[in-house]
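Structure at a glance
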Amino acid sequence: VAGQGEWVNSSVYVFQPEQPLLTGTHYTVRVEPGLKDTLGNELQKSYVWQFSTRTPVIGNLALKNGAENPPDNLPNVLLDQAFVVTFLQPMEAESAREHVNLINRETGKPFPIRLTWNEDFTILTIEPLGRYKIASFYELVIPDKLRAKDGGTLKEGWTLKFGTVPLPRIVDITPEPNSEAK
């Protein structure tokens, strides 16, 4: 990893990479013997440690103006419901266009959607182009193939199955049929 380091004091050395570290990547850091601190003291043996950066993840999925992190099988969704997905790192818009799908589960056909992002590409709004059918079933798929801006792919995708509001029906009648006034 290209970058520069400097001693902050006699015991703290800070390395700043030229580019941000890649998401979902395992790194090994090695400091070789011979490195000197600000007082001229020399490191006697290699020092090695490892760490991994966080894999791209979905932080939150919400119904626009509604519930956050709904159950995976959601009933009674409005016919024009949009969804908002928050990622914990900037994502690649082209990858979302390629991979995010909304499917009518009854026909197996894709439902048209519009994808819009906030400025830093961490919040994706998924809006239906048109209205869902009443009393129908859909599946919103955000697969793990979705890429972060630095190229890492999602640790886990998200599939939300939902049903739209049912057809109008009579739920209750008051007073009940054949009842008598008291």
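Refer to the preceding data block for the structure.
What follows deals with the overall build of the protein. Scanning the protein from N- to C-terminus turns up one helix and twelve strands. Secondary structure of the protein in N-to-C order comes out as β-β-β-β-β-β-β-α-β-β-β-β-β. What you see for the protein is a C-alpha radius of gyration of 26 Å, clearly larger than the 16 Å of a compact globule of 182 residues, by over 25%. Each principal axis of the C-alpha atoms in the protein carries an extent, and together these give about 100 × 45 × 25 Å. Within the protein, residue pairs in contact and separated by at least 24 positions form 61% of the contacts whose partners lie at least 6 positions apart. For the protein, the accessible area works out to roughly 12200 Å², and carbon and sulfur atoms hold 51% of it.

Next up on the list: the nonpolar core. Grouped burial of nonpolar side chains is what soluble globular proteins tend to show. Formed by 28 residues in total, the largest nonpolar core has its most connected members in Phe87, Ile142 and Phe162. Only strand E5 (58-63), strand E6 (73-77), strand E7 (83-87), helix H1 (93-99), strand E10 (123-128), strand E11 (137-142) and strand E12 (158-164) provide two or more residues apiece to this core. Once residues lying within four places of it in the same chain are set aside, the contact partners of Phe87 are Val57, Ile58, Gly59, Trp117, Thr122, Leu124, Leu146 and Leu154.

Reading the values: rules and limits
- Residues numbered from 1 in each chain as written.
- Predicted model: local features only at pLDDT ≥ 70, side-chain atom pairs only at ≥ 80, totals over all residues.
- Heavy atoms only, no water.
- Helix = DSSP H or I, 4+ residues; strand = E, 2+ residues; numbered from the N terminus.
- Rg over C-alpha atoms; globule rule 2.2 N^0.38 Å.
- Contact = heavy atoms within 4.5 Å.
- Areas by Shrake-Rupley, 256 points an atom, 1.4 Å probe, with all protein chains shown as cover.
- Core = buried A, V, L, I, M, F, W, Y, C linked by side-chain atoms within 4.5 Å.
- Buried < 20%, exposed > 50% of the residue type's maximum accessible area, 1.4 Å probe, protein only.

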